[in-house]
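The residues making up each chain are set out below.
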4 protein chains.
Amino acid sequence: MFQIENLGEAKFKSPLQLSTVRGDNIFNFVDDQDRLVYDLSLEAYNHCLANNKEPNCLEKAGPRQNLYFEPNTITAAIVTCGGLCPGINNVIRGVVMALHYFYGVKQILGVPYGYEGLNPEMGHNFVELTPDSVKDIHQFGGTILGSSRGAQDVGVMVDTLAANNINILFTIGGDGTLKGCNAIGEEIEKRGLDISVVGIPKTIDNDIDIIDRSFGFETSFDIAGNVLRDAHNEASGAYNGISIVKVMGRDSGFIAASAALAMPVVNFVLVPEMDFQLEGKTGFLEALRQRLETKKHAVIVVAEGAGQHLFQKDEIRKDASGNIQHDDIGIFLKDKIKDHFKEIFPITVKYIDPSYIVRSAAANSSDSVFCSGLAYMAVHGAMAGKTKFVVGRVNNKLVYLPISAVTQKRKKIDLESEFWFAVLQSTGQPFTL
Amino acid sequence: MFQIENLGEAKFKSPLQLSTVRGDNIFNFVDDQDRLVYDLSLEAYNHCLANNKEPNCLEKAGPRQNLYFEPNTITAAIVTCGGLCPGINNVIRGVVMALHYFYGVKQILGVPYGYEGLNPEMGHNFVELTPDSVKDIHQFGGTILGSSRGAQDVGVMVDTLAANNINILFTIGGDGTLKGCNAIGEEIEKRGLDISVVGIPKTIDNDIDIIDRSFGFETSFDIAGNVLRDAHNEASGAYNGISIVKVMGRDSGFIAASAALAMPVVNFVLVPEMDFQLEGKTGFLEALRQRLETKKHAVIVVAEGAGQHLFQKDEIRKDASGNIQHDDIGIFLKDKIKDHFKEIFPITVKYIDPSYIVRSAAANSSDSVFCSGLAYMAVHGAMAGKTKFVVGRVNNKLVYLPISAVTQKRKKIDLESEFWFAVLQSTGQPFTL
Amino acid sequence: MFQIENLGEAKFKSPLQLSTVRGDNIFNFVDDQDRLVYDLSLEAYNHCLANNKEPNCLEKAGPRQNLYFEPNTITAAIVTCGGLCPGINNVIRGVVMALHYFYGVKQILGVPYGYEGLNPEMGHNFVELTPDSVKDIHQFGGTILGSSRGAQDVGVMVDTLAANNINILFTIGGDGTLKGCNAIGEEIEKRGLDISVVGIPKTIDNDIDIIDRSFGFETSFDIAGNVLRDAHNEASGAYNGISIVKVMGRDSGFIAASAALAMPVVNFVLVPEMDFQLEGKTGFLEALRQRLETKKHAVIVVAEGAGQHLFQKDEIRKDASGNIQHDDIGIFLKDKIKDHFKEIFPITVKYIDPSYIVRSAAANSSDSVFCSGLAYMAVHGAMAGKTKFVVGRVNNKLVYLPISAVTQKRKKIDLESEFWFAVLQSTGQPFTL
Amino acid sequence: MFQIENLGEAKFKSPLQLSTVRGDNIFNFVDDQDRLVYDLSLEAYNHCLANNKEPNCLEKAGPRQNLYFEPNTITAAIVTCGGLCPGINNVIRGVVMALHYFYGVKQILGVPYGYEGLNPEMGHNFVELTPDSVKDIHQFGGTILGSSRGAQDVGVMVDTLAANNINILFTIGGDGTLKGCNAIGEEIEKRGLDISVVGIPKTIDNDIDIIDRSFGFETSFDIAGNVLRDAHNEASGAYNGISIVKVMGRDSGFIAASAALAMPVVNFVLVPEMDFQLEGKTGFLEALRQRLETKKHAVIVVAEGAGQHLFQKDEIRKDASGNIQHDDIGIFLKDKIKDHFKEIFPITVKYIDPSYIVRSAAANSSDSVFCSGLAYMAVHGAMAGKTKFVVGRVNNKLVYLPISAVTQKRKKIDLESEFWFAVLQSTGQPFTL
């Protein structure tokens, strides 16, 4: 079901000195037929066995023995789109190193400022990427290529790729970027061009479907967790002190929930997946009041997309990337809380929005390892001629997936999951919220 | 001129096993007459010589041979007021350790939630402080005692001190707190009570007059400096990207300026001491345009009290501590910049306000050492019966100063100083701004 | 195959307000029959299909609907053994919180200084653990309970458990500790006692078999990665500068390899799994010479257990935990390198051993989340009466495994794996080493 | 007395747009006659007054109105010598930025690998330094130029300076380097060359005489302080656990003492300035035994140069920089402690040597600000034709000092000082040790 498309027959021998047999202490080329079962519950397994049906499988990522592209003749390009996320520079570095050192690719171009850089009208110029120019960039947050939001004309972008003899385009970006990448791939196919397009999913919200987690996510809640500790200092430093921390999470509350688990000083986690009410006996404000009564301070983490049902909306606004623009739940909560307690008892509210601090951080060690892995695998897949695919980790293994498989819907917190149950247990917030 | 008041004759021998002679490798008791010249320019020196006049001097801090209080009979109390600042817990810890281990004081009380805790009506209870209860608190930001803003009735507070047989009150707080401490000291004097009051100046803005710097300040611009690096990642990650970082600094721009010096990625530092204009040829917006033209991104640091002359004000608002409440220059700048460039070229603006993250951090090593020193010296001075004094560092030496000497005016950046010149040099921002 | 033993019938209803049906947004109790396939390759699936055989499965961790123990009547104890590892305090905290808040267990004892604390002859006293006493400990490295190495008499330890009416013993430790835990469990069985014993695998080397990774491991290579950056500064700061960093890894080189991947400034990773030679054309010293010739500096990471085949050994020494004591490969390498290059060209060698700095760190956010998860699951399993089991993560899911399943052999780096291939690619070290 | 030498008359007008009058909000040029009193005790003042004698003064650092060098015609060079220290790259960056942006100097050369780079026989090549090549280096520890220890022939080095038309040489190094710099300056004088030599004192031991502190020192004890926290985790994690941390400090124990003050978990600080004994009633081992009896763990910090009187020495060994090579007090102590307690009670000893981790760190914010200041002032002084001088901070003000004034002896901890008294108070270690 998760079938990757190929540009054509892989006719060139890989320059990698790998093996094809077990037991010689040399890594083996990975075969397109090496697959991993997706759903590892025994129930699913037995269902397949009973119906004599092959289970839903994923294609293992890794270096292929035969390549579609002749490495030393091609040009590759890298583009980074959307908001910042820890690890982008690590992925750029990994792709450049892999292309240069593993395969001997001679020309690697950096596309400046996202998809804008593929539109000649914007007047940006490609930059040449070499091992020397990228060797230290993993120590910096942000993206050395710059980024932008929003779509560009697909035809124009394909024109640019063709005009510059680009054979492989690595796109690092979120849902919108990946859809754009797929559209580019389709246009390439229509024109019969020899260009592979690859996505490396970047989403600080961790909301790409199917994959375990996206790069930069661990760093994000690491940084956010430290801010929660600060927020706790602020809350407990005042009588009936309340700290509200707004973190990223447009449709999915993973950062809010993970940071709260990581720094267990949080009393309430509000995420987009929840339909909580403010007022009433089972409402948030009453739960907050009870907390203050007993403990005299409270820490609240709220994802930016949470509580949107609390606003009255006349129209839906979208940003340049096509994401729905949310009303500011953080400010809204702060005001509602202040109003509510005005008649009850004096409180002190501190509001913290660390978003840019979180997303512009350099990758931590775990994400650094992860980013190299994704980058290397993206290169292996592209050299073999695969196209319109992403690299991701599923069940703790690196795999290739069709772009279309991961952009059908956003991944969200399952409120019935072990993960959310752990959040409820750690915070002590009422189930019924 | 900087004359410290005493409660009376120091009749008790200090339990500290110190020396009074040089050369025996044992620290000497410090005499009340040990003084340090305040103005160390040769010019000032020659002026004194010519006029046969004693130079303005400061009293050296340190343990006195004779004590006013009999250590094992007294009760001391500690109160922390105003906003958070790195190092408060270190000072609390140092005071407790010094009272207990150096002098053998048996009872040390923590006053909860600032001056509120000295008002019985608020219903807070004192907490007992012991070496065991404070031994790890230096590793945490915030204040274990809690804090509050605003004044309480001086008479009521003195009643509380007397009712609880408190002999020494250590107050950790800023300008308003120190004035309150002085007022308590005067009321004590009027009533003829035997209570020493001591101030340990806490101001994240570093705006206490005369002293070199206040505790927590180094940590503050250390944390703020890291945020500037993040801001730079955001700015350079977008075409004509602009990051605005608002930091604390109500009347003085020390954090903004020092953080910019520490992380030299900043292009504009706007502080309350400057009378900059937005519009016109020498205005800020034009300087920003020129920066973007050449470099395509810009980082701006603005102190919260900067640019207040740009607002039209009908009335002056004050917060609970009596500080003037400023209009939000950060949001104002963001809006003005967006408006201004609408007609010029597209820009991307990111606004970051890390205030609570900065002030709730734990002290770094340098501040940790500094806080212990201040705490120890505060204890030595109080045990000797000094009152209405603060401990501070002047010309890199720890001294005692009358509270009244440091609360006459706020310390501000001298725009003609070497310090501000270094900022201009480091940022490259126009002198004329 | 991975079958968990139970103490007996689970007759008490869990106090947790969970569900048993999907779709109500409330987490479901997990059934003992909920299983996950272990080997998720399609090949393994087809093999099962062909042989009509059930695949090897793992038991899902999670709260059970019925409990063996009546929560409010029992006493639980926690013991931490062996060397330090980031996250021990997080696990202790998680176990205490889960026992207290989820189940209402009234008495929780901390066993001091490892298994020593279960031997009355050592004279250590149990400490009472409460939510209040553990609430901040996750912010500190080390273990608040203290630890020790080595075995104690199993009979004596079971005597102590019985004498103190302990119903559940949580043991946090490595291979030796887990074997000890299993032995305690067997002795309990033999005596027919009603005591559950649970292992939470702790190994900074990440060498526990079957499980994805052990807690603290990510933090470890995060810290070690920073040291590698320092080592690179030292190496490149001198002409022909060489830095050797020795990290933990007695039988398995996971920290060395992961840290090198995380901080890609490393040129050689030497691990116990490799049979490298020093001398000769394909030896390490020649590879090092070539590196210096071209780049003028080199960074080497060596696991403590690497290169033991290079020593001449008369006898095998063991430490108190029964681990083989290795000759010091770090010092050995340093000396060999100095000798070798004496005749070739001048070099500067810096030797760094950060072991204690790595293992005594506080857990990072990812490990913090992981530790809570393990702790909660350990508690759920024990309350249901399971015994002689460990909690671990396999294929990214938390499961229960018999202790005996994970102590049969140590997990090692597979030199034919994708992981090791990534290390070779990242460092550029010769395959043939 | 602290008189700076000049190359000759300053005939060129400074390009800096500064003022000469107060009150115009523009920084004033600093005059060579602007001086600061060195000893600020009232006693010293009165002594001068009584003897009608001018006090000992220091020359204020700062930009001069007239320059000796015509900026756009000259070549400057930078060399970094000796061991690493946090902040070297910040100083390099500051010097380059100041030369380029403030004065318009066109050519700036980096001398590779210390004084070796001024000896053509070593075959190293100068590197061109530009604002673009140094703009990010402050974020990295180490030195981008490389370093080396030991002297080179002064005549050869002056030949190299002359042959390359170098007009200013900035040397960043410690005691030996500064003496070398002075010797170069004297040879230049002898030859009548037009070359200014400037020293920027670098010593992680903080042992340069007269100046308040040297750059990188604060960062050093910040890092070392964190290691002490780790050491405390190790010590308290074992019954009678002892951690020994050896830090740098060949002749002066400032890092050991400051780190212990910063992280107050230390029980013993052993520094070169102390004549402690191991054995006997007032010996260290007995004090350690008493500590263990009461608290069951102990943390010891020892400077590498401490306790050298405990070794029997036949000959004095020196390293390439001419520093006396010490016997390893850390290992020695570890062995002595193990021996001593063998007969008393079981102990666990952990030995940590974080030296390279400390010295290769990137500068913290405070040091970053300090390094820029030093660099700017070094450039101002050199452009004015001053030579054989260092820039330093004295009484919290930046001043110029003759190299010869600071190299006469090493700064050491005064055991009768407030600083050492604070250490004794913080650790509780016996005075008599």
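Further up the page is the structure itself.
Residues numbered from 1 in each chain as written. Chains lettered and ligands numbered in written order. Predicted model: local features only at pLDDT ≥ 70, side-chain atom pairs only at ≥ 80, totals over all residues. Heavy atoms only, no water.

Observations concerning the interface of chain D and chain C
Interface size, as often reported, equals the accessible area lost upon joining of the parts. To be explicit about the condition: Working rule for contacts: check all heavy atoms of both residues, and any pair within 4.5 Å makes them a contact. Once two parts are brought into contact, the accessible area they lose, counted with a 1.4 Å probe and summed over both, makes up the buried area. What counts as a salt bridge is simple: a side-chain nitrogen of Lys or Arg found within 4 Å of a carboxyl oxygen of Asp or Glu. Any N or O atom pair separated by 3.5 Å or less is treated as a polar contact, with the protein-specific requirement of one donor-capable and one acceptor-capable atom, and with residues adjacent in sequence counted only for side-chain atom pairs. By the criteria applied, helices consist of DSSP H or I runs no shorter than four residues and strands consist of E runs no shorter than two, each listed in order from the N terminus. Just so you know the grouping, Ala, Val, Leu, Ile, Met, Phe, Trp, Tyr, Cys and Pro go in nonpolar, Asp, Glu, Lys and Arg go in charged, and all remaining residues, Gly too, go in polar.
If you look at the interface, chain D gives 25 residues, while chain C gives 25 residues. Buried area between chain D and chain C, both sides added, is near 2100 Å², and the carbon and sulfur share of it is 57%. Our count for the chain D to chain C interface comes out at two salt bridges. Arg359(D) is the partner of Glu234(C) in a salt bridge, and the nearest nitrogen-oxygen pair spans 2.6 Å. At the boundary of chain D with chain C, the tally comes to six residue pairs in polar contact (both at pLDDT 80 or more). Those elements that provide at least two residues to the side of chain D that touches chain C are α6 (217–236), β14 (348–352) and α10 (355–359) of chain D. Here the side of chain D that touches chain C takes five residues from α6(D), the largest share from any one element. Looking at the side of chain D that touches chain C residue by residue, the class counts come to eleven nonpolar, nine polar and five charged.

Regarding the sheet that holds strand β7 (residues 107–111) of chain A
All names here are of chain A. Put simply, the test is: Paired strands, as defined in this entry, are two strands with at least two bridges between them according to DSSP.
In space, the nine strands of this open sheet follow the order β3-β4-β17-β16-β10-β9-β6-β7-β8, with mixed pairing throughout. Each edge of the open sheet is held by one strand with a lone partner, namely β3 (35–37) and β8 (127–128). The pairing of strand β9 (residues 168–173) with strand β10 (residues 196–201) spans six bridges and is classified as parallel. Pairing of Ile 172 across the sheet is with Ile 200, part of β10.

Considering empty space enclosed by the protein
Gaps between atoms show up when a probe of the same size as a water molecule is rolled over them. We count it as follows: The pocket and cavity definitions rest on a 1 Å grid over protein atoms only: a 1.4 Å probe that fits but cannot leave marks a cavity, an open set with protein on both sides within 12 Å along at least five of seven lines marks a pocket, and residues lining either have an atom within 4 Å of a point. Grid points are joined across faces, edges and corners, and a volume is the space filled by probe spheres set on the points.
Counted by the stated rule, this structure contains nine cavities of 30 Å³ or more. Volume-wise, the second largest cavity comes out at about 80 Å³. What lines the second largest cavity is simply Leu261(A), Pro264(A), Ser426(A), Asn90(C), Arg93(C), Gly94(C), Met97(C), His138(C), Ser368(C), Ser372(C) and Tyr376(C). At the level of elements, α2 (88–103) and α11 (365–383) of chain C are the ones that each hand at least two residues to the lining of the second largest cavity.

Points about the pairing of strand β17 (residues 397–402) of chain A
All names here are of chain A. Test applied: Burial classification: accessible surface area is computed with a 1.4 Å probe over protein chains only, and a residue below 20% of its type maximum counts as buried, one above 50% as exposed, and the rest as partly exposed.
The element β17 is extensively covered by neighbouring structure, given that five of its six residues are classed as buried. Across two bridges, strand β4 (residues 57–60) lies against β17 in antiparallel orientation. The residue bridging Glu 59 from the neighbouring strand is Tyr 400, located in β17. In this structure, the hairpin formed by strand β16 (residues 389–394) and β17 is closed by a connection of two residues, where Asn 395 is found at a positive phi of approximately 50°.

What about the packing of helix α8 (residues 284–295) of chain A against helix α9 (residues 329–342) of chain A?
Residues and elements named next belong to chain A. Applied cut-off: Note on geometry: axes are C-alpha line fits, over the in-contact stretch for helices, and angles between N-to-C directions span 0 to 180 degrees. Here a crossing is taken to be left-handed if its near helix is turned anticlockwise relative to the far helix by less than a right angle, and right-handed if that turn runs clockwise.
Where α8 meets α9, the closest approach of the two axes is 11 Å, and the angle between their N-to-C directions is 65°. Note that α8 runs across α9; the crossing there is right-handed. Together, Phe 284, Leu 285, Leu 288, Arg 289 and Leu 292 of α8 and Leu 333, Ile 337, His 340 and Phe 341 of α9 make up the contact between the two elements. Grouping the amino acids of the contact of α8 with α9 by side-chain chemistry returns seven nonpolar, one polar and one charged.

What to know about the relation of the copies chain D and chain C
Stated formally: In this comparison the copies share one frame, found by least squares on the C-alpha atoms of residues holding pLDDT of at least 70 in both.
Between chain D and chain C, which share one sequence, the superposing operator has a rotation angle of 180° and an axial displacement of 0.0 Å; the RMSD is 0.0 Å. Put plainly, the chains are arranged around a two-fold axis. A high fraction, 100%, of the interface residues of chain D reappear at the interface in chain C, so the copies pair face to face through one surface.

So, the relation of the copies chain C and chain A
Placing chain C over chain A gives an RMSD of 0.1 Å and needs a rotation angle of 180°, together with 0.0 Å of translation along the axis. The residues that chain C uses at the interface reappear at the interface of chain A in 98% of cases, marking a shared surface.

Let's talk about a negative patch on the surface
We apply this condition: The patch calculation keeps residues exceeding 30% relative accessible area without a salt bridge and links them within 9 Å when they carry like charges or within 5 Å when they are nonpolar (Val, Leu, Ile, Met, Phe, Trp, Tyr). Throughout, the Shrake-Rupley method with a 1.4 Å probe supplies accessible areas, and for residues the shown protein chains are the sole cover considered. Charged residues are defined narrowly, with Lys and Arg counted positive, Asp and Glu counted negative, and His plus the chain ends left uncounted. For the purpose of locating charges, the reference atoms are NZ of Lys, CZ of Arg, CG of Asp and CD of Glu.
Taken together, Asp39(A), Glu43(A), Asp31(C) and Asp34(C) make up a surface patch of like negative charges. You can see Asp39(A) is positioned in the loop between β3 and α1 (42–51).

A look at the sheet that holds strand β12 (residues 268–270) of chain D
Hydrogen bonds along the backbone pair up the strands of a sheet, which may run parallel or antiparallel. Residue and element names in this part refer to chain D. Spatial ordering of the open sheet is given by β12-β13-β11-β14, a layout of four strands whose pairing is parallel. Of all the strands in the sheet, the pair left with one neighbour each is β12 and β14. Taking each pair of neighbouring strands and ignoring which way they run, the sheet shows an average axis angle of 15°. Note that strand β11 (residues 241–247) and β14 share five bridges and pair parallel. The residue bridging Ile 244 from the neighbouring strand is Tyr 351, located in β14. The strands touched by helix α7 (residues 254–262) are β11, β12 and β13 (297–303); relative to β12, the strand with the most contacts, the crossing angle is about 165°.

Considering the pattern of salt bridges
Throughout the structure, instances matching the rule amount to 112 salt bridges over all chains. Taking the shortest distance from any N to any O, the salt bridge between Asp175(C) and Lys179(C) comes out at 3.1 Å. Here Lys179(C) and Asp175(C) lie together in helix α5 (residues 175–191), a separation of four residues that amounts to about one turn. Assessed through its relative accessible area of 12%, Asp175(C) is described here as buried. Among the salt bridges present, the one from Asp175(D) reaches Arg410(D), with a minimum N-O distance of 3.4 Å. Residue Asp175(D) is located in helix α5 (residues 175–191), and its partner Arg410(D) is located in the loop between α12 (403–406) and α13 (418–427); the two are separated by 235 residues in the primary sequence. Under the relative-accessibility criterion, Arg410(D) is labelled partly exposed at 23%. What you see here is one network of salt bridges that share partners, running through Asp32(A), Arg35(A), Glu59(A), Arg64(A) and Lys386(A).

A short note on the packing of helix α6 (residues 217–236) of chain A against helix α7 (residues 254–262) of chain A
Residues and elements named next belong to chain A. Going by this rule: Roughly parallel means an angle under 35 degrees; roughly antiparallel means over 145; roughly perpendicular covers 65 to 115; every other angle is labelled oblique.
Remark: α6 packs on α7, axes separated minimally by 8 Å, with the N-to-C direction vectors making an angle of 60°. Here α7 runs oblique to α6, going by the angle between their axes. Read as a crossing pair, α6 and α7 show a hand that is right-handed. The residues of α7 that touch α6, namely those facing Phe 217, Ser 220, Phe 221, Ala 224, Gly 225 and Leu 228, are Phe 254, Ile 255, Ser 258, Ala 259, Ala 260 and Ala 262. Split by residue class, the contact of α6 with α7 holds nine nonpolar, three polar and no charged.

Things to note about helix α9 (residues 329–342) of chain D
Residues and elements named next belong to chain D. Under the convention used in this document: Any helix carries an expected span of 1.5 Å times its number of residues minus one. By construction, the arc corresponds to the directions joining the helix axis to the C-beta atoms.
Helix length check: α9, at 14 residues, gives a terminal C-alpha distance of 20 Å against a target of 20 Å (1.5 Å per residue), a fit within 8%. Turning to α9, its buried residues are Ile 329, Gly 330, Phe 332, Leu 333, Ile 337 and Phe 341. Projected down its long axis, α9 shows its buried positions confined to an angular sector of 155°, all on one face. The inward-facing, buried residues of α9 contact β11, β12, α8 (284–295), β13 and β14.

Some remarks on the environment of Gly249(D)
All names here are of chain D. Here Gly 249 shows up in the loop between β11 and α7. On the basis of relative accessible area, Gly 249 is assigned to the buried category, the value being 0%. Sequence-wise, Gly 249 and Arg 289 are 40 residues apart; in three dimensions their C-alpha atoms are separated by 26 Å.

Some remarks on the interface of chain C and chain A
Every contact between the two is made by 64 residues of chain C and, on the other side, 65 residues of chain A. Of the roughly 5500 Å² buried between chain C and chain A on both sides combined, carbon and sulfur atoms contribute 57%. Considering only the surface of chain C that becomes buried against chain A, Leu40(C), Tyr45(C) and Glu416(C) emerge as the three largest contributors, covering 15% of it. Taken together, the connections running from chain C to chain A amount to four salt bridges. For Glu416(C), the salt bridge goes to Arg22(A), with nearest N and O atoms at 3.9 Å. On inspection of chain C and its partner chain A, the count reaches 24 residue pairs in polar contact (both at pLDDT 80 or more). Counting residues per element, the ones that place at least two in the side of chain C that touches chain A are β3 (35–37), α1 (42–51), α2, α6 (217–236), α7 (254–262), α11, β17 (397–402) and α13 (418–427) of chain C. For the side of chain C that touches chain A, a count of residues per class yields 31 nonpolar, 20 polar and 13 charged.

Digging into the side chain of Ser368(B)
Among the secondary structure elements, Ser368(B) is positioned in helix α11 (residues 365–383). Among residues more than four places away in sequence, those in contact with Ser368(B) are Asn90(B), Ala363(B), Leu261(D) and Ala262(D).

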